[in-house]
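# Working through the structure, step by step
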Amino acid sequence: MKKAFTLIELIFVIVIIGLLASFAIPHFKNLTTHAKDSGVKSVVTSVQSSIDNIHGQWIINDSFSWDPDNDGNTTNLNNEGYPTSLDSGKDEVKLFRYVLKMPVPACGSKTSGCWREYEDNKYEYYYTPSKILKIEYNATKGMLECLDGDGITQSECENIIN
């Protein structure tokens, strides 16, 4: 006697696989967004940690001088001991280079999954061309703060980076 699957058994297996796939696919749909959120949070946390480290060194060390661009100008800290800038300004190719050992590359010609400085100390992260997260570096407080972006509100931004 030959043993083989019947047509009904095969159809039954295909239906079960289809049902399992219909439950699994929605869970994988937002994986890219979650990965981008994690990347944004990682960059923001690293930058904030570096700012706090510089401020802490300024508090502890009376003779602390910080010259991130090695130009001999050590007045890059404000009266509160926070950096006045995180990089050399708008159109910088390597963002946050004053505070990160490995700066974040700017968008260049890319339109998604990248950072851009649109004004001094104001940064954008492009999820897509129509969904842009915006943050600002407040040098007085030494904090990165969320702004209303394009397709992302200030409170949505705060949920992502906090």
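Everything below is about the structure printed above this text.
Here the structure is a predicted model, which is why all the values come from computation and not from measurement. (Residues numbered from 1 in each chain as written. Predicted model: local features only at pLDDT ≥ 70, side-chain atom pairs only at ≥ 80, totals over all residues. Heavy atoms only, no water.)

### Comments concerning the overall build of the protein
Within the protein one finds three helices and six strands. Written out in order from the N terminus, the α and β elements of the protein read α-α-β-β-β-β-β-β-α. For 162 residues, the compact-globule estimate of 2.2 N^0.38 gives 15 Å, and the C-alpha radius of gyration of the protein, at 24 Å, exceeds that figure by more than 25%. Each principal axis of the C-alpha atoms in the protein carries an extent, and together these give about 90 × 30 × 30 Å. Every one of the 162 residues in the protein was classed for burial, and the buried ones make up 35%. Of the roughly 10,500 Å² of accessible surface on the protein, 57% is carried by carbon and sulfur atoms. Each charge sign in the protein was given a centre, from 15 positive and 21 negative side chains, and these centres are 14 Å apart. (Helix = DSSP H or I, 4+ residues; strand = E, 2+ residues; numbered from the N terminus. Rg over C-alpha atoms; globule rule 2.2 N^0.38 Å. Buried < 20%, exposed > 50% of the residue type's maximum accessible area, 1.4 Å probe, protein only. Areas by Shrake-Rupley, 256 points an atom, 1.4 Å probe, with all protein chains shown as cover. Lys, Arg positive; Asp, Glu negative; His and termini not counted. Charge placed at Lys NZ, Arg CZ, Asp CG, Glu CD.)

### Points about the sheet that holds strand β5 (residues 131–138)
Spatially, β3-β4-β5-β6 is the arrangement adopted by the four strands of the open sheet, whose pairing is antiparallel. The open sheet has two free edges, formed respectively by β3 (114–119) and β6 (143–150), since each of these has just one partner strand. Across this sheet, the average inter-strand angle for adjacent strands is 30°, counted without regard to direction. Inspection of the sheet shows β5 paired to β6 by six bridges, in the antiparallel sense. Bridging from a neighbouring strand, Ile 135 pairs with Cys 146 of β6. Most of the contacts of helix α2 (residues 31–60) go to strand β4 (residues 122–128), to which it runs at about 165°, and overall it touches β3, β4, β5 and β6. (Pairing = 2+ DSSP bridges. Axes fitted to C-alpha atoms, helices over the stretch in contact; angles between N-to-C directions. Contact = heavy atoms within 4.5 Å.)

### Some words on the nonpolar core
One finds Phe 96, Val 99 and Trp 115 to be the most contacted residues of the largest nonpolar core, which totals 31 residues. Taken together, the elements giving at least two residues each to this core come down to α2, β4, β5, β6 and α3 (154–161). Per element, the largest residue contribution to this core is six residues, and it comes from α2. (Core = buried A, V, L, I, M, F, W, Y, C linked by side-chain atoms within 4.5 Å.)

### Overview of the state of the cysteines
Evaluation of the coordinates by the stated rule reveals two disulfides. Covalently, Cys 107 is tied to Cys 114 through a disulfide, its sulfur atoms 2.0 Å apart. Disulfide Cys 107-Cys 114: torsion about the S-S bond near 100°, hence right-handed. Residue classification places Cys 114 among the buried positions, given a relative accessible area of 3%. Paired through a disulfide, Cys 146 and Cys 157 show a sulfur-sulfur distance of 2.1 Å. Residues Cys 146 and Cys 157 are joined through a disulfide that is left-handed, its torsion about the S-S bond being -70°. Taken together, the residues span a long stretch of sequence, with Cys 146 in strand β6 and Cys 157 in helix α3 at a distance of eleven residues. (Disulfide = S-S within 2.5 Å.)

### As for the packing of aromatic side chains
In the structure shown here, the tally under the stated rule is five aromatic pairs. The interplanar angle of 40° and the centroid separation of 4.5 Å between the aromatic rings of Phe 96 and Tyr 123 together place this pair among those described as tilted. You can see Phe 96 sitting in the loop between β1 (94–95) and β2 (104–105) and its partner Tyr 123 sitting in strand β4, a full 27 residues away along the chain. The residues Phe 96 and Tyr 123 share a single accessibility class, namely buried. An aromatic cluster of three or more residues is present, and its members are Phe 96, Trp 115, Tyr 123, Tyr 125 and Tyr 127. The ring of Tyr 127 carries the charged tip of Lys 131 above its face, separated from the ring centre by 5.0 Å. (Phe/Tyr/Trp six-rings, centres within 6.5 Å; stacked < 30°, edge-to-face > 60°. Lys NZ or Arg CZ within 6 Å of the ring centre and 35° of its normal.)

The values are spatial; any link to function lies outside them.
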